[in-house]
There are 2 protein chains.
Amino acid sequence: MTDQTMTPAEQRTEAAAAASAALDHDLAETEIAEVVKNAQDAADFLKILSHEGRLMILCHLVDGEKSVAELEKLLAVRQPTVSQMLARLRLEGVVETRRDGKAIYYSLADDRARQLIEIIYDMFCRTDK
Amino acid sequence: MTDQTMTPAEQRTEAAAAASAALDHDLAETEIAEVVKNAQDAADFLKILSHEGRLMILCHLVDGEKSVAELEKLLAVRQPTVSQMLARLRLEGVVETRRDGKAIYYSLADDRARQLIEIIYDMFCRTDK
DNA sequence: TTTATATATATGATTTTTGGAATATAAGCG
DNA sequence: CGCTTATATTCCAAAAATCATATATATAAA
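1. Remarks on the pairing of strand β3 (residues 103-108) of chain B
All names here are of chain B. By the bridge criterion, two bridges tie strand β1 (residues 66-67) to β3 in an arrangement that is antiparallel. Across the sheet, the residue bridging to S67 is Y105, located in β3. Of the pairings in the sheet, the one linking strand β2 (residues 95-100) to β3 comprises six bridges and is antiparallel in character. Of the residues in β3, the one forming a bridge with R98 is Y105. The turn linking β2 back onto β3 is made up of two residues, and G101 within it adopts a positive phi angle of 65 degrees.

2. What to know about the protein's contact with DNA strand C
The full set close to DNA strand C counts 22 residues, and A69, Q79, S83, I104 and Y106 of chain A are the nearest of them. Contact distances for DNA strand C include 3.2 Å between a phosphate oxygen and a side-chain N or O atom of H51 of chain B. Contact between DNA strand C and Q84 of chain B: a base nitrogen at 3.2 Å from a side-chain N or O atom of the residue. Of all the secondary-structure elements, those providing two or more residues to the surface near DNA strand C are α4 (68-75), α5 (79-91) and β3 (103-108) of chain A together with α5 (79-91) of chain B. With five residues, α5 of chain A is the largest single contributor of residues to the surface near DNA strand C. Of the residues belonging to the surface near DNA strand C, the class tally is seven nonpolar, eight polar and seven charged.

3. Focus: the packing of aromatic side chains
Both the distance between ring centres and the angle between the ring planes are used here to describe each pair of aromatic rings. Scanning all chains against the criterion turns up two aromatic pairs over all chains. Seen in terms of ring centroids, F45 of chain A and F124 of chain B are 5.6 Å apart; in terms of plane orientation they differ by 55 degrees. Their pairing is tilted. Taken together, the positions of F45 of chain A in helix α2 (residues 29-49) and F124 of chain B in helix α6 (residues 111-126) put the pair across two chains. Accessibility expressed as a relative area gives 9% for F45 of chain A, which makes it buried. Overall, F124 of chain B belongs to the buried group, its relative accessible area being 5%.

Basis of the calculations
- Residues numbered from 1 in each chain as written.
- Chains lettered and ligands numbered in written order.
- Predicted model: local features only at pLDDT ≥ 70, side-chain atom pairs only at ≥ 80, totals over all residues.
- Heavy atoms only, no water.
- Pairing = 2+ DSSP bridges.
- Helix = DSSP H or I, 4+ residues; strand = E, 2+ residues; numbered from the N terminus.
- Near = heavy atom within 4 Å.
- Polar contact = N/O pair within 3.5 Å; in protein donor to acceptor, adjacent residues only side chain to side chain.
- Nonpolar A, V, L, I, M, F, W, Y, C, P; charged D, E, K, R; others polar.
- Phe/Tyr/Trp six-rings, centres within 6.5 Å; stacked < 30°, edge-to-face > 60°.
- Buried < 20%, exposed > 50% of the residue type's maximum accessible area, 1.4 Å probe, protein only.

Nothing here speaks to function; it is geometry throughout.
Spelled out as structure tokens, the structure:
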């Protein structure tokens, strides 16, 4: 279908044009770029949740803040592993921290995450019983 | 916190026991295993969605079935790439196919996916405007 | 200030995921 | 039958994610 002699950039441009044509109201390049960006953002966000350990952490945080030590026990994994998962969640802005003495308490900082987690919890932890 | 002289298996057992204790109603090993399994299932499912291309495909399929060629144009990627993404979705049971002559039409086959996709679409493609 | 506890980070090995290129199959057409 | 179009699959290299181990930092307590 697509001419194999074109460069990848040319092919993408052509394909994008084809996509525009397909959506009869003729999207501009910038609009296509925005759709792609939305998809990227959404996919990146889902990637954060698509990990057993991180997902369990987030599920627990729905019930309220937890210290690293508490999460370590709840998940049955070692401390550096919990901290690594928390670091990722922190960098992505999904959780935030509060210090109390030696302990650091983590809580949810993103409503999208809270919403999705609750839905996923219902889907996978209630329905299937 | 956890004794570094134990084997990983021992540590996991101990940590699991600690987790049980933490949840005052004393979960059995099998119950813990089930929670972990739920988390794994959910994470695996989210992994399928957490990919820009697959996500875009699923978004388009929410509007109704599409042939491979249509998706190729909508996504602006090459045919083998579309087929690879579709193969993954097919193997995971998220989409199903119907043949019509030379064309193969794909459609959503999983209500969980449909539900999540719609929510994600609202979150990332409507809200932020 | 030394020591213990709670948490974080760095490093590196291993595994998974990804995406391109080539090739294969399957259906329709002349 | 050969030819074309639509789709699928295989193979492989590169990139990314994961995980364990070791080490660092920060707070508190003695």
